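# Analysis of the macromolecular model
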Amino acid sequence: QYIGKPIRRIEDPRLISGKGSYVDDIKLPGEMFVAFLRSTKPHAKIHVKKTDNVFTGDDINPGKDFPIASKETTYVGQPIAAIIAKDRYEAYDLLESIEVEYEDLPYVLDPTEAIKDEVKVYSGLKSNIYFQKTFSSGNPEKVLSESLTLEGELINQRVIASPLEPRGILAYFDGQRLNVWASTQSAHFMRRNLVEFLGFTNIRVIQPDVGGAFGSKIITHPEQYAVAKLAMKLGVPLKWVPTRTEEMISAGHSRDKRFKFKVGFTRDGKITALVGTIIGDLGAPYADANDDESGNVLSTSRMILGPYKIRDALITSYAVHTNKVPTTSYRGAGRPEATYFIERIVNMIANELNMDPIDIRLKNVIRPEEMPYESAFGITYDTGNYVEILNKSREYYNELKSEAGKDECVGLAMYVEITAFGPWEVARVFAKSDGKIIAITGSGPHGQGDATGFAQIVAETLQIPIENVEVRWGDTDIIEDGIGTWGSRTITVGGSAMLKASEELKRRLIEAAAKMLQADVEEIEYSEGKFTNKKTGKSASLSEVISFAYKNGISLDVTYVYPVSKPTTPYGVHMALVSVDKELGKIKVKKYVAIDDIGKVINPLTAEGQIHGGVMQGIAQALYEEAIIDSQGNLVNSNLNDYVFPTAVESPRYTWTYIERGLSNHPTGSKGVGEAGAVVSTPVIVNAVENCLGKRIYKIPIKPDDL
Ligand code: MCN
Ligand code: MO
């Protein structure tokens, strides 16, 4: 009735008519504004002069350099003092009056230099290497010596997640309770972080409307910790919302991984072995961010074998500190890098052997009869048919090729990724006495359209009109706990919790109806809001049964905790038609075709929207975006004009197709789609340009000069 239908987003009417309410729209009487003074040095001892309304690390985190650096800074942009004023204008003006003394320390910006540990990024560190791990399987060196080989280094450059709304927080301590409104991907996660940092539990966190995040708002940022702490100290409402440039010099940096590789293959295109070193740049040491991003370095390492049967492999991976902005998750979080590396390599081999990109993949992918398949690095690919999706892609590929005119080429790439991470999610579903069903999730959607998906799941399970379901989230007071929205987990993990909670509510309603209609539970038939006693033919409506339940002391409030042990693996084949004008140095992505298997599709409209957005971010990484950091550690392109942020003008025409071959084992049958486009589109575009230029490309973004 609803699941699988392209239902329009129930979130949209208020958002597109400008009635949304973001952190900066919320105003409390007497609120003051906080601005942060930021380090202008990549590594220095500092001394900040304290005055009345200036707060330093000594006030906020005595004896430590986090969240506010008090003794030693480790990147340009790091907050080193907070100032409080009546509004943002006064606050920014006052920043200039703060006196700081810097005593320069040696710094290191390049991760391959940092790995040598000659210059420490922070005096307190034993090593710049956060970790070094080895993943190995089979006998790759021997196999390589018996194969054709190809080697090189691929760099997946540092880019900046740029949600339209920057981070932000409003915090007010009323004498008993700390009330927080924050632009975040999870109210619950932020609450747990604040509880730990402040050592105080009476905290409520509200996630109002959020203008995008793309991973950059998973962690609690230093400024948010600092504002919460100052709000507790001062007892006045404090607000912080950064400018765009501040946002770009202090948050959302990501990717920044390189892969030095040697790959072995046979003359007929079978990949035999892969050996290499992955270096991930974590930026400055800063626990929340490093824990998040180092997980992504592992993810890149373990997913580097892609959908291919490579059993002889050895990958050494390093997560390394530098004196740059700490990196965090950005759409795909480790999987785009893995996909970029392996897909570039597969396409290079195909070109080397003059082989069709689909044929070479058919030679190497995991066969459907081998599913579930455990990769050489221990990732379980649960379900799917990689052969079928490749065969299906051929007609689209041939069509794009036949359309390609002069200086136009087609590129193709494939991916498998991991989504729907645990460890659990919570859903709460209850019936109001007025007949409405309220559905609450512990996750924190912020643009994806999950509320529509949840409403579809609840309406379908309870067989009621979708208008009778209200979906709520983003408040730690309305549900017992939650995880959040990231890792393309929400509709699969949160949705499965929602499905189970709805089923339990239905069971309770049938139990109440049985009492009301004097029947055994098995004698009650339920259909579309109507309960019928099969014996007597007597029936009752949903709202009658709800009223009966309330009057008879039966609770219709269900909370369901859904645990997850293993992620699930969506996959797909994407391709694009690209025109390359060498004379003008111009590249235009004309058409983009995506074929995905994301298991059961809950809502093809919102799922396709996710593909469009994700693909565009990957196109931008191939052609436009790059965090350019100068030799003094300054971000050079620190505004959206210089940073070459794509717009609708750069967008191709999309065709999206899905097959529902590999259902997941979750109650919803779905797999995630929120990141898929960003995971695979970069190598698609680079491959197309490479085909036009007839030479290998190792560095992105591809700039006009490179043509
Ligand atoms: N969907 C579906 N069928 C499936 C899978 C998903 O219909 N089999 C639909 C869902 O109902 C939902 C959407 O697709 O409308 C995405 O669901 P899902 O794949 O579960 O991903 P999440 O909701 O967990 O979103 C997280 C993902 C991530 S990790 C990043 S980063 C990202 C992304 O979503 N950030 C975004 N997309 C974004 N979109 C917007 N507008 N803003 C962001 O910050
Ligand atoms: Mo994410």
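Quick summary incoming for the structure in this document. If you're wondering where the values come from, they're calculated on a predicted model, not measured in any experiment. (Residues numbered from 1 in each chain as written. Chains lettered and ligands numbered in written order. Predicted model: local features only at pLDDT ≥ 70, side-chain atom pairs only at ≥ 80, totals over all residues. Heavy atoms only, no water.)

### Some points on the packing of aromatic side chains
- Tallied over the full model, the rule gives 17 aromatic pairs.
- Relative to Trp240, the ring of Phe36 has its centre 5.8 Å away and its plane inclined at 90 degrees; by these criteria the two rings are edge-to-face. Linking Phe36 in strand E1 (residues 32–38) with Trp240 in strand E12 (residues 238–240), this pair joins segments that are 204 residues apart in sequence. As far as the burial class goes, Phe36 and Trp240 line up, both buried.
- Their ring planes at 55 degrees and their centres at 4.9 Å tell us that Phe197 and Tyr225 sit as a pair that is tilted. Of this pair, Phe197 sits in helix H6 (residues 187–198) while Tyr225 sits in helix H7 (residues 222–234), placing them 28 residues apart in sequence.
- Among the residues examined, Phe197 registers a relative accessible area of 25% and is labelled partly exposed.
- Connected via pairs of aromatic rings, a cluster forms that spans Phe66, Phe197, Tyr225 and Tyr286.
- Against the face of Phe197 rests Lys229, its NZ or CZ located 5.7 Å from the ring centre. (Phe/Tyr/Trp six-rings, centres within 6.5 Å; stacked < 30°, edge-to-face > 60°. Helix = DSSP H or I, 4+ residues; strand = E, 2+ residues; numbered from the N terminus. Buried < 20%, exposed > 50% of the residue type's maximum accessible area, 1.4 Å probe, protein only. Lys NZ or Arg CZ within 6 Å of the ring centre and 35° of its normal.)

### A few points about the site of ligand 1
- In the neighbourhood of ligand 1, 31 residues make up the surrounding shell, with Asp450, Thr490, Asn603, Gln610 and Val673 lying closest.
- Out of a free accessible area of 850 Å², ligand 1 has 95% covered by protein chains.
- Of all the secondary structure elements, the ones that give two or more residues to the shell around ligand 1 are helix H14 (490–516) and helix H16 (604–623).
- Per-element tally for the shell around ligand 1: the top contributor is H16, with three residues. (Near = heavy atom within 4 Å. Areas by Shrake-Rupley, 256 points an atom, 1.4 Å probe, with all protein chains shown as cover.)

### Describing the state of the cysteines
- According to the stated counting rule, one finds one disulfide in the structure shown.
- The disulfide bridge from Cys409 ends at Cys692, spanning 2.1 Å between sulfur atoms. Because the sign of the S-S torsion sets the handedness, a value of about 105 degrees for the bond joining Cys409 and Cys692 places this disulfide among the right-handed ones. Of the two residues, Cys409 sits in strand E18 (residues 408–416) while Cys692 sits in helix H17 (residues 676–693), which places them 283 residues apart along the sequence.
- On the basis of relative accessible area, Cys692 is assigned to the buried category, the value being 17%. (Disulfide = S-S within 2.5 Å.)

### Overview of the sheet that holds strand E8 (residues 148–160)
- Judged by pairing direction, the sheet is mixed, and its five strands sit side by side in the order E7-E15-E14-E13-E8 without closing on themselves. Unpaired on one side and paired on the other, strand E7 (129–137) and E8 mark the two borders of the sheet. Taken over all neighbouring pairs, the strand axes of this sheet differ in orientation by 10 degrees on average, direction set aside.
- In this fold helix H10 (residues 335–353) packs onto E8, strand E13 (253–265) and strand E14 (271–283), with an angle of close to 35 degrees to the strand it touches most, E13. (Pairing = 2+ DSSP bridges. Axes fitted to C-alpha atoms, helices over the stretch in contact; angles between N-to-C directions. Contact = heavy atoms within 4.5 Å.)

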